[in-house]
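Analysis of the macromolecular model
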Amino acid sequence: MPLGDLLPELVLLLGAVVIVLFAAFAPQRRQAGAVWLALLALVVAMGLGARQWGLPPRLTFAGVWALDDVAIAAKLLILASGALVVALSPDWMRSDRRHGEYYALCLFSLLGMIMMASAHDAMELVVGVLLSSAASYPLAAYHRGFPPALEAAMKYFLIGALANALLVIGVVILFGLVGDTDYARASDVFQTGVDPLALSVAVACIVMGLTYKLGAVPAHAWMPDVAQGAPAPIAALLTVAPKIGAAVALARFVSLLPDSQAWPVIVALISVATMTLGNLAALRQTDLRRLLGWSSVSQSGYALMAIVVVGSGVAALPALLAFLVAYAVANLLAFAVVTHLRGRTELAHYHGLARRQPLVTAALIVALLSLVGIPPLVGFFGKFLLFEVTIAAGYAWLAVVAAFNTLVSLYYYLRVIAVLMFKAPQGEVQVLGRWSEMVLLGTFLLLILVSLGFEFLQAVLAPIALAG
Amino acid sequence: MILTLAWLLPLLGAVSLMIAPQWGETQARGFGMLVAALSLAMLVWAWIGFDPAGPLFQHVLDVPWVPSIGVGYRVGVDGIALVVATMSALLFLAAIAYPVDTQGQPRQYYAWLLFLMATSLALFVVLDLLLFYVFFDLSLVGMYFLIGRWGHGQPQLSALTFFLYTFAGSLALLLAIIGLYLSLESPSFDMRQIIAQQPLAGDGLYAGLVFLGLMLGLAIKTPLVPLHTWLPQAHVDAPGPASAILAGVLLKMGTYGMIRLPLAMLPATFARYAPVVAILALVAILYGALVALGQRNLKRRIAYTSINHMGYTVLGIAVAASVSDNLAAKQLALTGATVEMVAHGLITGALFLICGSFWQRTGEYDLAYYGGLAHQAPLLTGLTVLVAFASFGMPGLAGFVAEFQIFAGTFAVYPWLAVFGVLGILITAGLFLDFLRQLFFGRLPAHLGRFAELSRVEAMVLGVLGLAVVIIGVYPRFLLEVIDGASTLLIGGR
């Protein structure tokens, strides 16, 4: 029964609706209870999603919804990231008297991202992008009395409005060319030949629309602001989860295109521009959260490397997913530290943290080193697979550029590490609470486990392929 | 199993120091020494069980780890790896035993040293290319924290430069390793398999690029002129024992890597570019010696002699890789290069520890600040003279055994390079004699009236290193026997 194919998504939707109702009627002191509903919905959705794993790839709902292991892996990763973020939130939101809807918005936003990863139809993609965007804007601005949050949300919204408009225009042109929004149908029509110029315009618009969710050039500018201004758990969510959905959506879309579109070159250029700009901009940051924001721009650039070679017959999708897992764990850990430290943001406030909070500092250092790709942390394996598939597909130059960028990135990550380790401590360090500390340590443990057990991850991801 | 224990013990030691409760200076150091000594004992045991006439790699252990991409936990040693690893373990024991100001964080200091020991020893004993890279990188992390936290001068800047510069090299190495890996028919990181299959033999541009990547990464680590610029500053600002490790062990990773990777895996390509490498090595020999001669800073001078000495090693390796069919000469050069690694590790390690002693006493590296210490500190003088003489290749000491073999081999293959290279020894002799004169002879300046003689621990550590230098100089057979087996197989295998 097709409805059964959507069980994880339905559970998420149901959870969100229940939370909205709960938040509307529950008294203020009970609002925090919504976190349990959200976690319950996420865990059940993950369990149902895991049950779909390993079946042969197929399309469902008249071909608009892909049910393949790529989509399911992305779904599970998005849900897991969401669960971590939700678990980080109660301590952070404690001072906000009315925040039940916060969790509902989180779930809606996650639902949109999952739709992006699973969409096998251009309209479906648009719905996913819009749903995740619309739910994310208020999340970014949740602290409405805090000017940086408002500025970040405004930037996020304006860039989003432009990018989403472009996406819709691209889909409309695609529809005009193909006569349908279905990917399978589009692929057939491309074989028979369509007006290459019009198709190029459509592709340009759609790719540009997706770079917004991916945090890639040219629609990346919101990333550092959101990382700095949004509530810290939301910064964690928005720097990680949309990227996963958008990367899979982009991989799915470009694999339809005919060779005449030269899309690998375009994606490669976006990749190079993104990683280089992200790293160069991060170099001079004096604000840790902003620095992490720019670093996640550059990480999008690395992720795009796998999409460049997705049609070259190499194991690009396993590499992409493995990299996204590595990135998600490390970035979530870094933001978990920031959250636990009450969102302290100036690099100067991190001086000598190692003396005051050795374990928390260790977690942050390990997260940063994993983002650089220092072995044997999982970030190394993620990057290694990216380098391997790009070199194997004949894009050695791209791997060289990425290696240079890694070197540049080491500089600013080390700057943070030096501040943590070598400077004299200043003042007392305020932390959030027991709960956030547990989540932080849990994420730390997860990173170590994923690093040591990378073999399992690799074995699980190795056979994944796109449906259709 | 012995080899695994040899590197795993220090790692466990590092972890237990990190989580140990309020251990003081003495306890932390005693524990560190115990662990390092156990690890050294493991390697000595492996040495005793090593059969020089046996197969190339011995004590092999092969456990699949990430089979889907051909990574495995593979360890094993040939004669070259074994002697370099054993020398490293000895030097680590010396560095841990050497008293130093740990600035109130003894546990962390000794934990980082043990961590560095684990990664360094692991690098020498692994037979998996990916693990080799893993430990190559991790050694940077350990050294970064040692310099940045316990250094002096501008330690953070030096640590940052060190990490960035050498990380650039390891990225080049990584790309080349991936290139090498992809060239195999069934991709694997098993070094033995790559050595046996020689996947890039006679492959033009591709092999050249892989070779370039490997050599770039390893030459930065060695360091070979003109890629040496990170070295002097890192040395000057590092604490004495960390400098000893940096020169004695970390630099060896570069030359050991040259033997293990390009020489064994890409011999045809290496042979084509061997003259270029040999000329660069000659430049390093002469340039290192001349710049060292011009230094007024005690530690900087020794740092530059390292560049000179590593030049000899690279020269030996380049000769061993050359197209010449004089197998005996090539083997001699390779054996010489390996002995040079051991000798340089012990000698320069000792010299940097001595620098550390000077710094602990006066906080000054300027040579002009010193003078006439021979009466004040006869033991320090005697030991410094011994290692300084060994460093410029005095017969009867370890340096001579190494340099003699390298130049004998070079003379048969590249006679002109040998002629110019010997000039390097001459300059080194001059600079060390000048160094000894400035430190120990002449009039004692008034401000050095309270300069303390070596403490018992210092004297003992330096004594052990000096003894090893003498033993290798007088009775090198025990060392050469083990190395010769490996160098014959590596040269004759073609």
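Please read all numbers here as calculations on a predicted model, not as lab measurements.

Thresholds applied
Residues numbered from 1 in each chain as written. Chains lettered and ligands numbered in written order. Predicted model: local features only at pLDDT ≥ 70, side-chain atom pairs only at ≥ 80, totals over all residues. Helix = DSSP H or I, 4+ residues; strand = E, 2+ residues; numbered from the N terminus. Rg over C-alpha atoms; globule rule 2.2 N^0.38 Å. Buried ≥ 20, exposed ≤ 12 C-beta atoms within 10 Å, placed from the backbone. Contact = placed C-beta atoms within 7 Å. Nonpolar A, V, L, I, M, F, W, Y, C, P; charged D, E, K, R; others polar. UniProt positions renumbered as here; feature names shortened; annotations may be inferred. Expected span 1.5 Å × (residues − 1). Pairing = 2+ DSSP bridges.

Once that is clear, we can look at the overall build of chain B. From N to C terminus, chain B includes 19 helices and 2 strands. For chain B, whose C-alpha radius of gyration is 21 Å, the value lies close to the compact-globule estimate of 23 Å for 494 residues. Seen through its C-alpha atoms, chain B measures out along the principal axes to roughly 70 × 55 × 40 Å. Scored against the burial criterion, the 494 residues of chain B give a buried share of 63%. In chain B, 82% of the contacts between residues at least 6 apart in sequence involve partners at least 24 apart.

Once that is clear, we can look at the interface of chain A and chain B. On the side of chain B, 23 residues touch chain A, which itself brings 23 residues to the contact. Of all the secondary-structure elements, those providing two or more residues to the side of chain A that touches chain B are α17 (378-392), α18 (396-422) and α20 (454-461) of chain A. Ranked by the residues each element gives to the side of chain A that touches chain B, the list is headed by α18(A), at 11 residues. Per-class residue counts for the side of chain A that touches chain B are 19 nonpolar, 2 polar and 2 charged.

Feature annotation in UniProt places "domain: NADH:quinone oxidoreductase/Mrp antiporter transmembrane" (unreviewed entry) on residues 119-407 of chain A, given in this structure's numbering. A helix fraction of 78% and a strand fraction of 0% characterise residues 119-407 of chain A, whose end C-alpha atoms lie 36 Å from each other.

Here the focus is helix α5 (residues 129-150) of chain B. Its 22 residues place the ends of α5(B) 32 Å apart at the C-alpha level, agreeing with the 32 Å of an ideal helix rising 1.5 Å per residue. The buried count for α5(B) comes to 22 of 22 residues, which makes it a mostly enclosed element.

All names here are of chain B. Of all 7 residues in strand β2 (residues 71-77), 6 are buried, a share of seventy percent or more. Where strand β1 (residues 58-66) lies against β2, 6 bridges are found, and the strand directions are antiparallel. Bridge assignment links P64 to a residue of β2, and that residue is G72. In textbook terms, the turn of a hairpin is the stretch between consecutive antiparallel strands, and for β1 and β2 this stretch comprises 4 residues, one of which, G70, has a positive phi near 75°.

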